[in-house]
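Survey of secondary and tertiary structure
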Amino acid sequence: MSARGQLLDGHRISGGGSARLYLDGEEFLNFSGCNYLALNDRPELREAANVALNDGSLFTRYLAPAYGGIDAAFDEVEQEVAKLYGTESAIYFASGYLIGFAALAGLRDLFDVVVLDEQAHWCMVDAAKINGAEMFRFANCDEESLEQVLSEHCRNKRPLIATDGAYATSGQLPPLDAYAELAVRYDGQIFVDESHSAGGVGATGRGAVEHFGLGERAHVGTTLSKGFCGLGAVFVGSGDQVEKAYGAPAMRGSNPGSPIGARVSAAALRLVRENPEMCARLRENADYLRSGLRALGLEIIETPAPFVSFTIGDFDFMRSIQQALFDDRIYVLHSNYIAAGPGGTLRLSVFRDHTHADIDRVVARISELLKK
């Protein structure tokens, strides 16, 4: 297999998607993907999809909300998001890639310059460039680097400090409490893309902003296709901020999404809001996996994120571990995503429906492979 090849090349994926994955009809213990709360097969979500189909909902809505009119499915998911996050309003859209565009439009009156973590998702970078915003970068999760950028470039300009809530490769959370102090000092705001922290971080799964207990200067957007196992993405805020987001060119010029997906997402959000123990179970599983891997002598960062990454040896060594696990019908990801490094990293997702026996199995097998 070439360096660019993947273990799943040529395999047909079906069912599962959380603790279990089916490849060519065969069951694998799965530690890859992002459906952290394992809601995929919940009857509430299937029922929401069936109701939408039986009510005659369209597969896709072609008119953007900016042109007027109300779609009950989109209205429902926006209400559920606002309830979960305790905000006045929310905007739902088809893709997480649009999060940055919605945020910059919705918050435009509150900032003069965008200050981005160097590893922030490229949706924020692209949005800042396309919107013509003045932009500066600071070192990943480094409040001293951020302070230096602010002192050099934001003495008379209000910054929007933009960061991921949990970084998709490492799981690291930025020091948002320190960022909040700097935001106050420089009359700035914070925007957090919670795509990999929503559902798994914070007492009720609202993400890193909830985890750090940040106030009104912190603003949030997130995809629904990861922790919440839904479809599309959202930006939450005041009614005025959401109205401005609706008017963004990217919102007006893109398909608003699937009403069926919106119904399913609304059901998922309601389920999470009404059952916070789901988030607690996910966090407990993640802590259990981190503890097991640390006992092997691996360097595992401290984070409440629902995934664990580690790098050991070179590309070929990590690929050999992935292959050996795969041969035992355990699938983990050898990732080359943002900040993974030249050799990549082994990234293990944790799901709410993993059992301790599942986690013990993968830890024991990794232990055996590290001793060879």
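Scroll up a little and you will see the structure.
In what follows, the accompanying structure is described. (Residues numbered from 1 in each chain as written. Predicted model: local features only at pLDDT ≥ 70, side-chain atom pairs only at ≥ 80, totals over all residues. Heavy atoms only, no water.)

**Things to note about the sheet that holds strand S5 (residues 113–117)**
Heads up, the rule is: Pairing between strands requires that DSSP locate at least two bridges from one strand to the other. Elements are defined by DSSP. Helices are runs of H or I of four residues or more, strands are runs of E of two residues or more, and each kind is numbered from the N terminus. Throughout, an axis means a line fitted to C-alpha atoms (over the contacting stretch in the case of helices), and angles, computed between N-to-C directions, take values from 0 to 180 degrees. Contacts are residue-level and defined by heavy atoms, with any inter-residue pair within 4.5 Å sufficient.
With respect to topology, 7 strands assemble into an open sheet ordered S4-S10-S9-S8-S7-S5-S6, the strand pairing being mixed. Strands at the two margins of the open sheet, each flanked by one partner only, are strand S4 (89–93) and strand S6 (135–138). Going across the sheet, the axis of each strand differs from the next one's by a mean of 20°, ignoring polarity. As judged from the 4 bridges shared by S5 and strand S7 (residues 159–164), these two strands associate in the parallel manner. By the bridge assignment for S7, Leu116 is matched with Ala162. Strands S4, strand S9 (218–223) and strand S10 (233–237) of the sheet are contacted by helix H2 (residues 72–85), whose axis makes an angle of about 130° with S4. Here helix H6 (residues 176–185) sits on the sheet in contact with S5, S6, S7 and strand S8 (189–193), set at roughly 150° to S8.

**Here we look at the pattern of salt bridges**
We apply this condition: Whenever Lys or Arg places a side-chain nitrogen within 4 Å of a carboxyl oxygen from Asp or Glu, that contact is recorded as a salt bridge.
This structure, assessed with the given rule, holds 21 salt bridges. In this structure, Arg20 engages Asp358 in a salt bridge whose closest nitrogen and oxygen atoms are separated by 3.0 Å. Here Asp358 lies in helix H13 (residues 356–371) and Arg20 lies in strand S2 (residues 20–23), a separation of 338 residues in the sequence. The partner of Glu80 in a salt bridge is Arg273, with the nearest N and O atoms 3.0 Å apart.

**Focus on the packing of aromatic side chains**
Filter applied, for reference: Aromatic rings from Phe, Tyr and Trp, taking only the six-membered ring of Trp, are treated as a pair when their centres fall within 6.5 Å; an angle between ring planes under 30 degrees marks them as stacked, one over 60 as edge-to-face, and anything in between as tilted. Buried, partly exposed and exposed residues are distinguished by accessible area as a fraction of the type maximum, computed with a 1.4 Å probe on protein chains only: under 20%, between the cut-offs, and over 50%, respectively. As a reminder, the over-ring test applies to NZ of lysine and CZ of arginine, requiring each to be within 6 Å of the ring centre and within 35 degrees of the ring normal.
Scanning all chains against the criterion turns up 8 aromatic pairs. Summarising the aromatic geometry, the rings of Phe28 and Phe326 are spaced 5.0 Å apart at their centres and angled 35° between planes, so their arrangement reads as tilted. Here Phe28, found in strand S3 (residues 26–31), pairs with Phe326, found in helix H12 (residues 315–327); they are 298 residues apart in sequence, far enough to count as distant. Judged by its relative accessible area of 6%, Phe28 falls in the buried class. With a centroid separation of 5.5 Å and 35° between ring planes, the pair formed by Phe74 and Tyr92 is classed as tilted. Highlighted residues: Phe74 in helix H2 and Tyr92 in strand S4, separated in sequence by 18 residues. The same class applies to Phe74 and to Tyr92, which are both buried. Clustering of aromatic rings is evident, with ring pairs tying together Phe28, Phe326 and Tyr331. Taking the ring centre of Phe111 as reference, the NZ or CZ of Arg108 above it sits at 4.6 Å. Stacked on the ring of Phe307, the Lys or Arg Arg347 has its end atom at 4.0 Å from the ring centre.

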